[in-house]
Amino acid sequence: MPLITVVDEATGAPSGPEWTMEVFEETVRLDELIRRRTFLEVAESGAQVDPEERTRVAFEAFARNGFVVLVDDRQVTALDDKVRLHAGSRVTFLKLVPLVGG
């Protein structure tokens, strides 16, 4: 089972936490990748939150350009886009910060 790295970043800030995630297929839709990442984050945090609700919020944030997803430095632009993953793939969730004054 190939392992991929999932990382959070924000423009102008140090990288956030990294997770290693197993994938069982070479191609997966972006919405499924976001769902898996959200469920992993909820499970590891131990927080008493609904992972389905957190996933819905993540989809809404993606739709309003709150963050972009890069897979091996290639931007994925739609939730139904299929991405190719391989052992060692790096998936970056990049939070976008609005420019001040501009």
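Residues numbered from 1 in each chain as written. Predicted model: local features only at pLDDT ≥ 70, side-chain atom pairs only at ≥ 80, totals over all residues. Heavy atoms only, no water.

A. Looking closely at the sheet that holds strand S4 (residues 67-71). Spatially, S2-S1-S7-S4-S5 is the arrangement adopted by the five strands of the open sheet, whose pairing is mixed. Edge positions in the sheet fall to strand S2 (18-22) and strand S5 (74-76), since each has one partner strand and no second. Between one strand axis and the next, the sheet turns by 30° as a mean value, whatever way the strands run. Pairing analysis gives five bridges linking strand S1 (residues 3-10) to S2, with the strands arranged antiparallel. For Val7, the partnering residue across the bridge sits in S2 and is Glu18. Those strands touched by helix H1 (residues 30-45) are S1, S2, S4, S5 and strand S7 (90-95), and its axis lies near 120° from that of S2. (Pairing = 2+ DSSP bridges. Helix = DSSP H or I, 4+ residues; strand = E, 2+ residues; numbered from the N terminus. Axes fitted to C-alpha atoms, helices over the stretch in contact; angles between N-to-C directions. Contact = heavy atoms within 4.5 Å.)

B. Structural detail: the packing of aromatic side chains. For the structure shown, the criterion picks out two aromatic pairs. Note on Phe67 and Phe93: the rings are 6.0 Å apart at their centroids and 45° apart in plane angle, and the pair reads as tilted. In this pair, Phe67 is assigned in strand S4 and Phe93 in strand S7, connecting sequence segments 26 residues apart. Like Phe67, the residue Phe93 is buried in the burial classification. The structure contains a cluster of three or more aromatic residues connected by ring pairs, namely Phe62, Phe67 and Phe93. The side chain of Arg35 reaches across the aromatic face of Phe39, ending 5.0 Å from its centre. Its end group placed over the ring of Phe93, Arg37 keeps NZ or CZ at 4.9 Å from the ring centre. (Phe/Tyr/Trp six-rings, centres within 6.5 Å; stacked < 30°, edge-to-face > 60°. Buried < 20%, exposed > 50% of the residue type's maximum accessible area, 1.4 Å probe, protein only. Lys NZ or Arg CZ within 6 Å of the ring centre and 35° of its normal.)

C. Layout of H1. Its 16 residues place the ends of H1 22 Å apart at the C-alpha level, agreeing with the 22 Å of an ideal helix rising 1.5 Å per residue. Listing the buried residues of H1 in full gives Leu30, Asp31, Leu33, Ile34, Arg37, Thr38, Leu40 and Val42. At the C-terminal side of H1, Gly46 shows a positive phi close to 75°. (Expected span 1.5 Å × (residues − 1).)

D. A look at the pairing of S1. In terms of strand pairing, S1 meets S7 through six bridges, oriented parallel. If you follow Val7 over to S7, its bridge partner there is Thr92.

E. Looking closely at helix H2 (residues 51-63). With 13 residues, H2 extends 18 Å from end C-alpha to end C-alpha; this agrees with the ideal 18 Å at 1.5 Å per step. For H2, every residue scored as buried is listed here: Pro51, Thr55, Ala58, Ala61 and Phe62. Viewed along the axis of H2, the buried residues span an arc of 120°, placing them on a single side of the element. On its buried face, H2 sits against H1, S4 and S5. One or two positions beyond H2, positive phi appears at Asn65, with a value near 60°. (Arc of directions from axis to C-beta.)

These figures capture arrangement, not role.
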